[in-house]
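# Overview (structure and organization)
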Amino acid sequence: MEWCGVKLMNTDGWFGKSDPFLRFLKLRDGGEYLKIHETEVVMDNLNPKWKPIKLKDDRLCSGDHSRKFRIECWDWKKSLKF
């Protein structure tokens with residue numbers, strides 16, 4: 001899988017740019033989400049392109065293709081979700 005962001009919010013103010021990364025979370029049987037992967041941080045970039053990743057079905061959705069999963073975009077310096 002290849003992922004990119006387009007026109008992300010700048011959380012670093014006037015003199016910097018956000019440092020985004022992605023978190024992949026799978027839905028567990030109890031209803032809570034479990035973090036299974038994080039991408040690398042792309043420094044000072046509002047239109048990041050992350051390195052390709054490989055996640056097996058059993059890791060992402062436990063082999064159940066109808067099971068929900070979540071992808072979150074975070075800023076590294078501020079730990080804020082976009």
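One structure accompanies this document, and this report is about it.

Conventions and cut-offs
- Residues numbered from 1 in each chain as written.
- Predicted model: local features only at pLDDT ≥ 70, side-chain atom pairs only at ≥ 80, totals over all residues.
- Heavy atoms only, no water.
- Helix = DSSP H or I, 4+ residues; strand = E, 2+ residues; numbered from the N terminus.
- Buried < 20%, exposed > 50% of the residue type's maximum accessible area, 1.4 Å probe, protein only.
- Contact = heavy atoms within 4.5 Å.
- Areas by Shrake-Rupley, 256 points an atom, 1.4 Å probe, with all protein chains shown as cover.
- Lys, Arg positive; Asp, Glu negative; His and termini not counted.
- Charge placed at Lys NZ, Arg CZ, Asp CG, Glu CD.
- Phe/Tyr/Trp six-rings, centres within 6.5 Å; stacked < 30°, edge-to-face > 60°.
- Lys NZ or Arg CZ within 6 Å of the ring centre and 35° of its normal.
- Salt bridge = Lys/Arg side-chain N within 4 Å of Asp/Glu carboxyl O.

## A short note on the overall build of the protein
Regarding its fold elements, the protein presents 1 helix and 4 strands. Element order for the protein, N to C, with α for helix and β for strand: β-β-α-β-β. Dimensions of the protein, computed from the C-alpha atoms along their principal axes, are close to 45 × 25 × 15 Å. For the protein, the proportion of its 82 residues judged to be buried stands at 33%. A fraction of 60% describes how many contacts in the protein between residues 6 or more apart in sequence connect residues 24 or more apart. Working note: accessible area of the protein is about 5,800 Å², and carbon and sulfur atoms make up 53% of it. Of the side-chain charges in the protein, 17 are positive and 13 negative, and the distance between the mean point of each set is 1 Å.

## Comments concerning the packing of aromatic side chains
By the definition in use, this model includes 1 aromatic pair. The interplanar angle of 70° and the centroid separation of 5.7 Å between the aromatic rings of Trp3 and Phe24 together place this pair among those described as edge-to-face. Here the residue Trp3 occupies a position in the segment before strand E1 (20-27), and Phe24 occupies one in strand E1, the gap between them amounting to 21 residues. Positioned above the aromatic ring of Tyr33, the side-chain terminus of Arg70 is 4.0 Å from the ring centre.

## Concerning the pattern of salt bridges
Here the structure, examined in full by the defined rule, presents 6 salt bridges. Across the salt bridge formed by Glu38 and Arg23, the nearest N and O atoms sit 2.6 Å from each other. Note that Glu38 is positioned in strand E2 (residues 33-38) and Arg23 in strand E1, a separation of 15 residues in sequence. Residue class for Arg23 comes out partly exposed when judged on its relative accessible area of 22%. A network of salt bridges, in which partner residues are shared, links Arg23, Lys35 and Glu38.

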